[in-house]
Amino acid sequence: MANILPAPPEFESARFVADQSQYLWGKLMRLDEARCDQAKRDAVYSMETIIQEFGGIFGLEITKEDTPEIYSILQDVCASCDSIYSDAKAHFNRMRPYAYYNEGTIVPEKEEKHRNEGSYPSGHTVLGWTSALLLADINTSPKAMEGLLTRGYEFGQSRVIAGYHWQSDVDAGRMAGTVLYQMIRNHERFIGQLARARAEFAEKTGNMSNIINTPSAVQHGGSAKVYRIDGTPATNDSKGIVITNGQKVVVQ
């Protein structure tokens, strides 16, 4: 990832002025009690935080027992996030804003742990943004997608409010998350997982809005990737609901 991301603004450069301005914005946002509390919750880097903070917008409670397919794919994506940004942090080794200004944060118990850890890109932002992309790929209703991506954006901004990251760290985190998701989205294993997660969501919620009805059989030849609803490869004579190019299609 260090080879993909642009270098962060140098301290005291013209580009750094924007980071300084956003740092002040973050401090002002701490005066909003509700937003400050949200930033504190977002500071807990874990899959459990994602489930708690995104679950209501997603429209379905995610648990290992009741939604095993959704839980499994989210677990794998979160695990991918854990390793994607560490090389860039070490490579750029950027000082965090609270260390630069020698000021406190809203999560003081984590300050010593992260004081000498690179700030660029924001790992929390990678986690929040990539998780939002995944969940919006499972519940594809426009309202849910808008809500999930908005919450994913806010998850990153929480790091500016908390005082742990510069705005450019957060922006780079979103870029890294987008690159990561595009990389894993084309893997055969992920394609099958996503198909099963979508089917599970439809079954649990009764939401079949992303299923296309067609009176004729889908042509399974060529470069199209076609799967049964359970995520296994479809054959030319497959009937019922199949996944073709990421969409559910009823084949009659």
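Remember, it's a predicted structure, so these values are computed and weren't measured experimentally. (Residues numbered from 1 in each chain as written. Predicted model: local features only at pLDDT ≥ 70, side-chain atom pairs only at ≥ 80, totals over all residues. Heavy atoms only, no water.)

(A) Local environment of unusual backbone geometry. Cis geometry marks the peptide bond from Y120 to P121, where omega comes out at 0 degrees. Take P121: it is sitting in the loop between α7 (111-114) and α8 (123-138). Unlike most non-glycine residues, N93 shows phi in positive territory, near 45 degrees. Checked against the element boundaries, N93 lands in the loop between α5 (86-92) and α6 (97-101). N93 gets classed as exposed once you look at its relative accessible area, which sits at 52%. (Helix = DSSP H or I, 4+ residues; strand = E, 2+ residues; numbered from the N terminus. Buried < 20%, exposed > 50% of the residue type's maximum accessible area, 1.4 Å probe, protein only.)

(B) Representation of the pattern of salt bridges within the structure. Per the stated rule, a full pass over the model turns up 14 salt bridges. One salt bridge connects D169 with R94, and the closest N-O pair in it is separated by 2.8 Å. Placement of D169 in helix α10 (residues 167-185) and of R94 in the loop between α5 and α6 is noted, with a sequence separation of 75 residues between them. Note on D169: relative accessible area 0%, which makes it buried. You can call R94 buried: its relative accessible area is 5%. The partner of R115 in a salt bridge is E112, and the shortest N-O contact between them spans 3.2 Å. Several salt bridges converge on common partners, so that one network encompasses R41, D42, E53 and R151. (Salt bridge = Lys/Arg side-chain N within 4 Å of Asp/Glu carboxyl O.)

(C) Representation of the packing of aromatic side chains in the model. All told, the structure shown has 15 aromatic pairs when counted by the stated rule. Here the aromatic rings of Y23 and Y101 are separated by 4.6 Å at their centres, their planes lie at 15 degrees, and the arrangement is stacked. With a gap of 78 residues between them, Y23 in helix α1 (residues 16-29) and Y101 in helix α6 connect regions that are remote in the sequence. With relative accessibility at 3%, the residue Y23 sits in the buried group. Taking the centre distance of 6.1 Å and the plane angle of 50 degrees together, the rings of Y23 and W166 count as tilted. (Phe/Tyr/Trp six-rings, centres within 6.5 Å; stacked < 30°, edge-to-face > 60°.)

(D) Molecular detail of the packing of helix α2 (residues 33-42) against helix α9 (residues 142-162). Remark: α2 packs on α9, axes separated minimally by 9 Å, with the N-to-C direction vectors making an angle of 95 degrees. Taken together, the axis directions place α2 and α9 in an arrangement best described as roughly perpendicular. Across from R35, Q38, A39 and D42 in α2, the residues of α9 making contact are R151, E154, F155, Q157, S158 and I161. Here the residues of the contact of α2 with α9 are counted per class, giving three nonpolar, three polar and four charged. (Axes fitted to C-alpha atoms, helices over the stretch in contact; angles between N-to-C directions. Parallel < 35°, antiparallel > 145°, perpendicular 65-115°, else oblique. Contact = heavy atoms within 4.5 Å. Nonpolar A, V, L, I, M, F, W, Y, C, P; charged D, E, K, R; others polar.)

(E) Focus on the nonpolar core. Grouped together as the largest cluster of nonpolar side chains are 42 residues, with contacts concentrated most on F58, I62, I70, L74, L134, I138 and F190. If you list the elements that add at least two residues to this core, you get α3 (47-58), α4 (68-84), α5, α8, α9, α10 and α11 (188-205). Ranked by the residues each element gives to this core, the list is headed by α8, at nine residues. The contact partners of I62, leaving out residues within four places of it in the chain, are I51, T67, I70, Y71, L74 and L135. Listed in part, the nine residues of the second largest apolar core include A39, V107, I161 and Y164. (Core = buried A, V, L, I, M, F, W, Y, C linked by side-chain atoms within 4.5 Å.)

(F) Spatial organisation of the state of the cysteines. Tallied over the full model, the rule gives zero disulfides. In this model C81 remains outside any disulfide bridge; the closest cysteine sulfur is found in C78, 5.8 Å from its own. (Disulfide = S-S within 2.5 Å.)

(G) Expanded view of the environment of Y120. For Y120, the location among the structural elements is in the loop between α7 and α8. When its relative accessible area of 3% is taken as the criterion, Y120 is described as buried. Sequence separation between Y120 and A90 is 30 residues; the distance between their C-alpha atoms is 8.7 Å. Not counting chain neighbours up to four residues away, the residues in contact with Y120 comprise L5, P6, A7, P8, A88, K89, F92, R94, S168, D169 and A172. Polar side-chain contacts of Y120 include one of 2.5 Å to the backbone oxygen of P6. (Polar contact = N/O pair within 3.5 Å; in protein donor to acceptor, adjacent residues only side chain to side chain.)

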